[in-house]
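Inside the fold
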There are 2 protein chains.
Amino acid sequence: MRMRNKPWVAKYLEEFDHDVLIKEPSVYKGKWRSRLNKDIIHVEIGTGKGDYWLRMAKLYPNYGWIGIEKERNCAAIALKKAVVEPIDNRCFIIADASMISEWFADKEIDVIHLNFSDPWPKKRNHKKRLTHDLFIETYDKVLKNDGQIIMKTDNQQLFEFSLLNMQDKWRLNSVFVNFDSVVHQDVVTEYEKKFIDEGKPIYRAVWQKR
Amino acid sequence: MRMRNKPWVAKYLEEFDHDVLIKEPSVYKGKWRSRLNKDIIHVEIGTGKGDYWLRMAKLYPNYGWIGIEKERNCAAIALKKAVVEPIDNRCFIIADASMISEWFADKEIDVIHLNFSDPWPKKRNHKKRLTHDLFIETYDKVLKNDGQIIMKTDNQQLFEFSLLNMQDKWRLNSVFVNFDSVVHQDVVTEYEKKFIDEGKPIYRAVWQKR
């Protein structure tokens, strides 16, 4: 999610001193389960303002939830929300997800979530899509063998691209071309609610390694 | 497509005497290319009233087009349209498509089209869906090695079922969750136009054997 620079962000992040933020994630490589004290690790790549990440952490307290967001304005907003929540099964990384294999050991993650990721519509930018091979090969490394990638998006081109691009090495566990997050008891963020209110379909797919 | 019994149909079909209708399709097993005098054979399973089948035959005169419909009221309407068209690259079979391997030799068909097939919503009827394994295994036999299955539907459950069910033995060549038949110069039937006019999405997938 893109947003304008907020004047308070630089100072807020510089002075940020709460253990929800992991400033050197590679320190925890191979140790995330003990860091979060949970046996199951979920990672959301591209949290935006962090609503999904944080509300899922509250909804599923038996899992550890790691949010990753490179956009510093969004990250700061997510952290502001996180510090007032009395939960500790979550942490946050501000960096580009292409570095994920530097932070996680092989097969350390159970589930990767991609929610309303940037669709990068121009052909020359498709390599930046989070379901492009450049990323998928990295997820493959850090996800355990029966680990899952769960994607939710409003963008039809990104969804079609992902269905095509994932199919050779990943198997669809489930797919919805008009997903009802309410019926399926998934967290609905403000961002998603806007699309639902406009009557637009939400697409969702869950993949597992073949 | 279901419809009420039309009083003229039984007599019309009984007396029907035009070579567009193939009354004993097994006679042409292995000989469809010479029967239609075309090198490429397209088959539509479940033509309904035949608009797609017939208009595609006119639009693509270099291919042979075989329509299959088991519902006799629909079939009769399709034949009524066919006999007044001055083209001969088409023929029609009135029977259940589960018999397709009785009528076609191995690898005799280039492309199978499934348009707005009955979604059979109840779980116990899923085996009647035209993308159920029971059918797919038969298509596999009669389609040539790089042959394609092209599905177009307005029904999300049928589409999702098909994406899941086809993925192990078939590879998606293309997929659209909001297909614009006009932009893609595909034939738009009255049936499809109704959905487009209501702003409902059309789903389309093209599969090829893995």
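Scroll up for the structure.
Bear in mind the structure is a predicted one, so any value in this text is a computation, not a measurement. (Residues numbered from 1 in each chain as written. Chains lettered and ligands numbered in written order. Predicted model: local features only at pLDDT ≥ 70, side-chain atom pairs only at ≥ 80, totals over all residues. Heavy atoms only, no water.)

**Some remarks on the pattern of salt bridges**
Residues and elements named next belong to chain A. Considering all chains together, one arrives at 30 salt bridges over all chains under this definition. With a closest N to O distance of 2.9 Å, D197 and K193 form a salt bridge. With D197 and K193 both in helix α8 (residues 190-197) and four residues apart, this pair spans about one turn of that helix. A relative accessible area of 56% means that D197 is categorised as exposed. What makes K193 partly exposed here is its relative accessible area of 40%. The shortest N-O distance in the salt bridge between E198 and K200 comes to 3.0 Å. On the accessibility criterion, K200 (43% relative accessible area) is partly exposed. One network of salt bridges, with partners in common, ties together R33, D110, K144 and D146. (Salt bridge = Lys/Arg side-chain N within 4 Å of Asp/Glu carboxyl O. Helix = DSSP H or I, 4+ residues; strand = E, 2+ residues; numbered from the N terminus. Buried < 20%, exposed > 50% of the residue type's maximum accessible area, 1.4 Å probe, protein only.)

**Considering the interface of chain A and chain B**
At the junction of the two partners, chain A supplies 17 residues and chain B supplies 17 residues. Counting the surface lost from both chain A and chain B, the interface buries some 1,600 Å², and carbon and sulfur atoms represent 50% of this. In terms of surface lost to chain B, no three residues of chain A exceed A:E160, A:Q167 and A:V177, which account for 31% of the buried area on that side. Viewed at the interface, chain B and chain A are joined by four salt bridges. Measuring nitrogen to oxygen at the nearest pair gives 3.3 Å for the salt bridge that ties B:R210 to A:D168. Run the count over chain A and chain B and you get 12 residue pairs in polar contact (both at pLDDT 80 or more). A class-by-class count of the residues in the side of chain A that touches chain B yields eight nonpolar, five polar and four charged. (Contact = heavy atoms within 4.5 Å. Buried area = accessible area lost by both parts, 1.4 Å probe. Polar contact = N/O pair within 3.5 Å; in protein donor to acceptor, adjacent residues only side chain to side chain. Nonpolar A, V, L, I, M, F, W, Y, C, P; charged D, E, K, R; others polar.)

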